[in-house]
Amino acid sequence: MKNIVLFCAGGMSSSLLVNRMREAAASIGYECRISAHSINSVKTLSQEADVVLIGPQVGYLIASVKNVVSCPSEIIISLNYGRMDGMKVLEQARLLMGEI
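Definitions and limits used
- Chains are numbered independently. Their residues run from 1 in the order of the written sequence.
- The predicted origin of the model limits local features to residues at a pLDDT of at least 70 and limits the giving and counting of side-chain atom pairs to 80 or more, whereas totals for whole chains, interfaces and linings rest on all residues.
- Water and hydrogen atoms were dropped before computing side-chain values, which therefore reflect all heavy atoms in the structure.
- A carboxyl oxygen of Asp or Glu within 4 Å of a side-chain nitrogen of Lys or Arg is what we treat as a salt bridge.
- The rule is simple: take the accessible area with a 1.4 Å probe, protein chains only, and divide by the maximum for that residue type; under 20% is buried, over 50% is exposed, in between is partly exposed.
- At least two bridges found by DSSP between two strands are what make those strands a pair.
- Each helix is a run of DSSP H or I of at least 4 residues and each strand a run of E of at least 2, with the numbering of both proceeding from the N terminus.
- In this analysis an axis means a line fitted to C-alpha atoms, helices contributing only their contacting stretch, and an angle means the value between N-to-C directions, from 0 to 180 degrees.

**Q** Tell me about the pattern of salt bridges, and name the residues and values.
**A** On inspection of all chains with the given rule, the structure shows two salt bridges. Here E74 ties to K66 by a salt bridge, and the two come within 3.8 Å at their closest N and O atoms. Taking the relative accessible area as the measure of exposure, K66 reaches 42% and is therefore partly exposed. Between E99 and R94 there is a salt bridge, with its nearest N and O atoms 3.0 Å apart. Classification of E99 by relative accessible area gives partly exposed; the value is 28%. Among the residues examined, R94 registers a relative accessible area of 18% and is labelled buried.

In structure tokens form, the structure reads like this:
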């Protein structure tokens with residue numbers, strides 16, 4: 001089971017997106033774990049991740065995130081984040097993992 005981890009400024013703004021991503025995953029029968037946390041915990045909480053996505057509001061930290069994680073990592077596409085489009089963000093994660 002894949003582990004998708006989102007990081008944002010405080011872990012709160014991504015909680016709704018996580019719920020939408022879980023709904024999207026369930027709708028296509030994709031089993032995974034999805035969680036959201038504060039960017040301050042990226043070093044410790046990304047160790048078990050298969051992919052790391054960070055919110056656009058902390059996108060300026062992507063270079064330092066890529067230096068501490070050992071899995072694919074990217075900034076969530078702003079439009080999809082703003083729309084809280086769980087399916088599109090799930091697709092972005094799966095694409096980074098090479099699944100689609």
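Structure's up, so let's keep going.
**Q** Which residues make up the sheet that holds strand 2 (residues 32–38), and what values do they have?
**A** Remark on secondary structure: sheet strands pair via backbone hydrogen bonds, oriented parallel or antiparallel. On the basis of which strands lie adjacent, the open sheet formed by four strands has the order 2-1-3-4 and parallel pairing. The open sheet has two free edges, formed respectively by strand 2 and strand 4 (73–75), since each of these has just one partner strand. Within this sheet the neighbouring strands show an average axis-to-axis angle of 20°, counted without direction. Sheet analysis places strand 1 (residues 2–8) next to strand 3 (residues 51–54), joined by four bridges and oriented parallel. Within strand 3, the residue paired with V5 across the bridge is V52.

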